[in-house]
Amino acid sequence: MADTVLDYAWLTGAAPLYGPEEFRAFILKYIQEDPELSAIMVIEDGIKADMDVVFVGDFEKVTHLDPGCGAQPSRVRIPFEKLKWQPKAMLAWIAECARDLDGTFMAWGMDVGYKRDDLQNALIKIKSGRLVPGDADTERTVNYWNEFVQDKFISAIKRDIYRFVLLGDTTISAAKLTHGADDVKNYNAIDGVFKQLFNAGEENRAYTIAANQSADQELPAGESYKIFKALHNAAEGELEDATDLIYLCTSSVAKNWQDYRESNDKVQVSWELQEGRLVAPTFRDVPIIKVKDLDKILKRDFKIAGKIDLPHRVVLTTRRNLRAGFDSYNAATQVDAWYDRKDRETNMRAEFMMDAKVMSSDLILGAY
C-alpha cells in the first residue's frame with residue numbers, strides 16, 4: 001500500500017509526474033473525509049466546466065372532480081432551474097532549500113555530494129511525548145519530505161480550500177485585506193459561500209447584525225437568540241420544509257448563544273442536555289454549527305483600521321445546498337515531488353480544478 005507520492009512511484013514504476021488518480025489518492029480523499037468540511041457541505045468529485053446542475057421543482061393541482069366526457073388533461077409545466085460548474089485551475093506549490101532545513105531540524109541519513117541537498121533523502125526524529133507516566137518519551141524516524149512535509153502540505157491545501165469555499169471573492173481588492181495586495185491571490189480564485197449569499201441580494205438577508213457596524217463590534221447579550229429566531233421565522237417553502245437544516249455561524253455568535261443559555265433558566269433542561277453532550281447545540285431543533293477558524297481568518301485577514309469586515313455572521317441553509325466540486329479527472333490535474341539540482345531546492349506541487357456553489361438561493365438565508 002502506497003502512503004506517499006514517491007512510495008507510489010516505487011511500487012508502480014510510474015513516471016515522476018503523477019496524474020488525476022494520484023491526486024485523488026493523496027489529496028482529494030483527505031478533503032472528502034475531513035469531518036469539518038463534510039459537516040457543512042457536500043464534496044463532489046468529477047465536475048466539468050459548463051456542466052449543468054439542474055434543480056427540478058414539484059407541481060400540483062392536477063387532480064380534479066371528474067366532469068365526465070370531454071375532460072381535458074392538465075398541461076404540466078415542471079419548474080426547474082440550473083446553474084453551471086465553472087471550476088478554476090488551482091496551484092499549490094512549495095519548495096525548500098536543504099540549507100534552510102539545517103538551521104531548524106536535526107537531519108541525517110542523507111547522501112554525500114549534491115544528493116545531500118535533496119530533502120527527499122532527509123530523515124528526522126519526531127518525539128511524541130510519554131504515552132504513560134514514567135515511561136520514556138516515544139520517538140519515531142520519518143522521511144522529512146515524503147512523509148512529514150507531505151502531510152503538512154495536504155493539511156495546508158485542505159485549509160486553503162476551506163478558506164476559498166467560505167470567503168473566496170473573485171473581485172476582492174487589496175483595500176479589503178489586512179495584508180493588502182500580497183493576500184489577494186489567497187481569495188480571488190472563486191466566489192465562496194458568503195460572496196454568493198451577498199450577491200443573492202437583500203431578499204436573502206433575514207437579519208441585520210448591528211454590532212458588525214458598531215464602534216466596538218461586540219454582540220449584545222442575547223443577540224444570538226434574535227438572530228436565530230429571525231432566520232427561522234423567515235424560512236419559507238422548501239427551506240422551511242427541509243429536513244437537513246443547519247445554522248452555520250461564527251464563534252462569536254456561538255459563544256453569545258452559550259452565554260444566553262447559561263443565563264436563562266427557561267432553557268436549563270436544554271442546556272443540561274447539551275452540556276452533557278447528549279445533544280448538539282440547537283435552535284428549534286436545528287443544529288448550530290460553529291464554523292471552525294472563520295473568526296480567526298476574519299480577524300487575521302479582514303481587519304482594516306481596527307474594524308473587522310462583518311465579524312458576526314450566521315447562515316441558515318441545508319448541508320446539501322453547499323457544494324465544493326473538483327474536476328479530478330482533468331488532464332491538468334497532477335501531484336508531484338522532485339529535486340531541482342540547479343536551484344538546489346526540493347519541490348512539491350499539486351494542480352487541480354475546483355469550484356464552490358450555493359446550489360439554490362431559495363435554500364439559504366443570512367444574518368450579517
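Nothing here was measured: the structure is a model prediction, and the numbers come from that model. Per chain, the residues get numbers from 1 upward, laid out in the order the sequence is written. Local features in this predicted model are restricted to residues of pLDDT 70 or higher, and side-chain atom pairs are both shown and tallied only at a pLDDT of 80 or more, whereas totals for entire chains, interfaces and linings draw on every residue. Think of the side-chain values as coming from all heavy atoms in the structure, minus any hydrogens and water.

**Student:** Give a description of a nonpolar patch on the surface that names residues and reports values.
**Tutor:** Here, patches come from residues exposed beyond 30% relative accessible area and free of salt bridges, joined within 9 Å for like charges and within 5 Å for nonpolar side chains (Val, Leu, Ile, Met, Phe, Trp, Tyr). For the area figures, the Shrake-Rupley method with a 1.4 Å probe applies, and any residue is considered shielded solely by the protein chains shown. A side-chain nitrogen of Lys or Arg and a carboxyl oxygen of Asp or Glu constitute a salt bridge if their distance falls within 4 Å. A cluster of nonpolar side chains, contributed by Val62, Val76 and Ile78, occupies part of the molecular surface with about 230 Å² of accessible area. Structurally, Val62 is set in the loop between β3 (52-56) and β4 (80-84). Strands are runs of DSSP state E lasting at least 2 residues, helices are runs of H or I lasting at least 4, and numbering of each runs from the N terminus.

**Student:** Now, about the packing of helix α7 (residues 223-234) against helix α9 (residues 251-263): what can you tell me, with residues and values included?
**Tutor:** Here an axis means a line fitted to C-alpha atoms, over the contact stretch when the element is a helix, while the angle between two N-to-C directions is reported on a 0 to 180 degree scale. Interaxial distance between α7 and α9 falls to 7 Å at its minimum, and their mutual angle equals 110 degrees. As judged from the angle between their axes, α7 and α9 are roughly perpendicular. Side by side, α7 and α9 meet where Glu223, Ser224, Tyr225 and Phe228 of the first sit next to Val253, Asn256, Trp257 and Tyr260 of the second. Roughly parallel here means an angle under 35 degrees, roughly antiparallel means over 145, roughly perpendicular means 65 to 115, and every remaining angle is called oblique. Throughout, a contact is declared for two residues whenever any of their heavy atoms are within 4.5 Å.

**Student:** I'd like to hear about empty space enclosed by the protein, residue by residue, with values.
**Tutor:** A cavity, in this analysis, means grid points on a 1 Å lattice covering only the protein atoms where a 1.4 Å probe fits yet has no way out; a pocket is instead an open set bounded by protein on both sides within 12 Å along at least five of seven lines, and a residue lines either one if it has an atom within 4 Å of a point. Grid points are joined across faces, edges and corners, and a volume is the space filled by probe spheres set on the points. Inspection of every chain in the model, using the stated rule, returns one cavity of 30 Å³ or more. For the largest cavity, the full set of lining residues is Leu166, Val193, Phe194, Leu248, Cys249, Val291, Leu294, Val315 and Leu322. Looking at the lining of the largest cavity, the elements with two or more residues in it are α6 (193-200) and β9 (245-249). Looking at side-chain class alone, the lining of the largest cavity contains nine nonpolar, no polar and no charged residues. When residues are grouped by polarity, Ala, Val, Leu, Ile, Met, Phe, Trp, Tyr, Cys and Pro land in nonpolar, Asp, Glu, Lys and Arg in charged, and all others, Gly among them, in polar.

**Student:** Mind laying out the packing of aromatic side chains, listing which residues take part and the relevant values?
**Tutor:** The rule is short: rings of Phe, Tyr and Trp, with Trp giving its six-membered ring, pair when the centres are within 6.5 Å, and they are stacked under 30 degrees, edge-to-face over 60, tilted in between. Inspection of the entire model under this criterion finds 16 aromatic pairs. Look at Tyr225 and Tyr260: their rings are 5.5 Å apart centre to centre, the planes differ by 20 degrees, and that puts the pair in the stacked class. On the criterion of sequence distance, the pair formed by Tyr225 in helix α7 and Tyr260 in helix α9 is long-range, its members being 35 residues apart. Each residue is assigned to one of three classes by its accessible area relative to the maximum for its type, calculated with a 1.4 Å probe on protein chains only: buried under 20%, partly exposed between the two thresholds, exposed over 50%. Owing to a relative accessible area of 29%, Tyr225 belongs among the partly exposed residues under this scheme. Note on Trp257 and Tyr260: the rings are 5.4 Å apart at their centroids and 20 degrees apart in plane angle, and the pair reads as stacked. With Trp257 and Tyr260 both in helix α9, this residue pair falls three residues apart, about one helical turn. Through a chain of ring-to-ring contacts, the aromatic side chains of Tyr225, Phe228, Tyr247, Trp257, Tyr260 and Phe283 assemble into a single cluster.

**Student:** Before we move on, can you summarise unusual backbone geometry with the specific residues and values?
**Tutor:** Unusually for a residue other than glycine, Asp50 sits at a positive phi of about 65 degrees. By the secondary structure assignment, Asp50 is in the loop between β2 (42-45) and β3. Positive phi outside glycine occurs at Gln217, with the angle close to 55 degrees. Assignment of secondary structure puts Gln217 in the loop between β8 (205-207) and α7. For Gln217, a relative accessible area of 8% puts it in the buried group.

**Student:** Which residues make up the environment of Gln213, and what values do they have?
**Tutor:** Examined against the element boundaries, Gln213 turns out to sit in the loop between β8 and α7. C-alpha separation for the pair Gln213 and Asp309, spaced 96 residues apart in sequence, amounts to 8.9 Å. Those residues in contact with Gln213 that sit more than four places away from it in its chain are Lys307 and Leu310.

**Student:** Can you lay out the confidence of the model for the protein for me, pointing to particular residues and giving the numbers?
**Tutor:** Confidence along the protein averages 85 in pLDDT terms, with 81% of residues attaining 70 or more. By definition, pLDDT measures how confident the predictor is in each residue, and it falls between 0 and 100. Counted against residues more than four places away or in other chains, residues 8-15, with its pLDDT under 50, gives ten contacts.

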